[in-house]
2 protein chains.
Amino acid sequence: MALRLPQPLPAELVELVADRFRVLGEPMRIRLLDRLRQSPATVQELTEATAASQQNVSKHLGVLHRAGMVARARDGNFVRYEIADPSVFELCETVCGGLHRQADALRSVLGQNATA
Amino acid sequence: MALRLPQPLPAELVELVADRFRVLGEPMRIRLLDRLRQSPATVQELTEATAASQQNVSKHLGVLHRAGMVARARDGNFVRYEIADPSVFELCETVCGGLHRQADALRSVLGQNATA
DNA sequence: CCTGGACTCCACCGCACGGTTGTACAGTTC
DNA sequence: GAACTGTACAACCGTGCGGTGGAGTCCAGG
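All values derive from a computational prediction rather than experimental measurement. (Residues numbered from 1 in each chain as written. Chains lettered and ligands numbered in written order. Predicted model: local features only at pLDDT ≥ 70, side-chain atom pairs only at ≥ 80, totals over all residues. Heavy atoms only, no water.)

**Observations regarding the protein's contact with DNA strand D**
Close to DNA strand D lie 22 residues; Ser58 and Tyr81 of chain A together with Arg29, Lys59 and His60 of chain B are nearest. Backbone atoms, meaning sugar and phosphate, make up 64% of the atoms of DNA strand D lying within 4 Å of the protein. In the environment of DNA strand D, a phosphate oxygen lies 3.2 Å from a nitrogen or oxygen atom belonging to the backbone of valine 43 of chain A. Here a base oxygen of DNA strand D and a side-chain polar atom of glutamine 55 of chain B are 3.2 Å apart. Of all elements in the fold, only α3 (43–50), α4 (54–66) and β3 (78–83) of chain A together with α4 (54–66) of chain B reach the threshold of two or more residues within the surface near DNA strand D. Class assignment for the residues of the surface near DNA strand D results in 4 nonpolar, 12 polar and 6 charged. (Near = heavy atom within 4 Å. Polar contact = N/O pair within 3.5 Å; in protein donor to acceptor, adjacent residues only side chain to side chain. Helix = DSSP H or I, 4+ residues; strand = E, 2+ residues; numbered from the N terminus. Nonpolar A, V, L, I, M, F, W, Y, C, P; charged D, E, K, R; others polar.)

**Observations regarding the protein's contact with DNA strand C**
Around DNA strand C, a shell composed of 22 residues is seen, among which Lys59 and His60 of chain A together with Gln54, Ser58 and Tyr81 of chain B lie nearest. One of the side-chain N or O atoms of glutamine 44 of chain B is found 2.7 Å from a phosphate oxygen in DNA strand C. Listed by contribution, the elements that provide at least two residues to the surface near DNA strand C are α4 of chain A together with α3 (43–50), α4 and β3 (78–83) of chain B.

**As for the pairing of β3 of chain B**
Two faces make up the sheet, and in a regular strand the side chains alternate between them. Residue and element names in this part refer to chain B. With 2 bridges joining them, strand β1 (residues 41–42) and β3 adopt antiparallel strand pairing. Counterpart to threonine 42 in the pairing with β3 is arginine 80. Alignment of strand β2 (residues 70–75) against β3, held across 6 bridges, turns out to be antiparallel. In the strand pairing of β3, alanine 73 is matched with arginine 80. Taking the residues that link successive antiparallel strands as the turn, the β2-β3 hairpin has 2 residues, and the phi of glycine 76 there is positive, at about 65°. (Pairing = 2+ DSSP bridges.)

Listed below in structure tokens is the structure:
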């Protein structure tokens, strides 16, 4: 962990990193990953969990799959998806940590008495 | 660290997380953060470092500022920006770690002899 | 005051992307 | 084989966003 990164990030690496972030910058895909965090699931189950159209879910799963974040496997007539890169949850936790810190900072600016 | 997240992520939190990822899903903004990782800098310096137009840099800095990732401070006639949320580097490191794992997996699929 | 420089804001354009619809492709069952 | 289900693909549309150009704001100096 905590690998050393070169100071001027190479241009290509910048693109790769941004691409990966952009994949996660979509609520629907976050919801899909959140559901898959519980257990592997078929497209049907994911469609029900997100209350979206089947085509839309399939499209977003394709993006996640191309990014290597989920793995697909046929199961009879169904297709079962599962998390392929658990680091996405680490990312979400870090983001939530940053959000918490922002909220605390805002609270301290408003004064200690804050539950608005 | 490693705070516990609720299983079905609340819808609003999903939006917040996705928003934050989307801010990072842009090469130019990654470049700006990468430059600020070295030291605080003025818009001028950032413009030179990224080889972009001054308006474009200012616009992206505005996005980063609204997201609470950078802080601005007037310095005479200049405006100096600096990192406000160091967790962004943690995020980048995690992403790079995932990329490394993908590269290794790809390499092992192609066979041990791989430098293309 | 006016001038000039640093920066931000606004209006516009073009493209990429999310969503929908329709269709094609497995795989199972009969 | 035909029929049905589950999933992926392709074409289209609308919007959001990155980039640019120009005007506006703030600050220092003369």
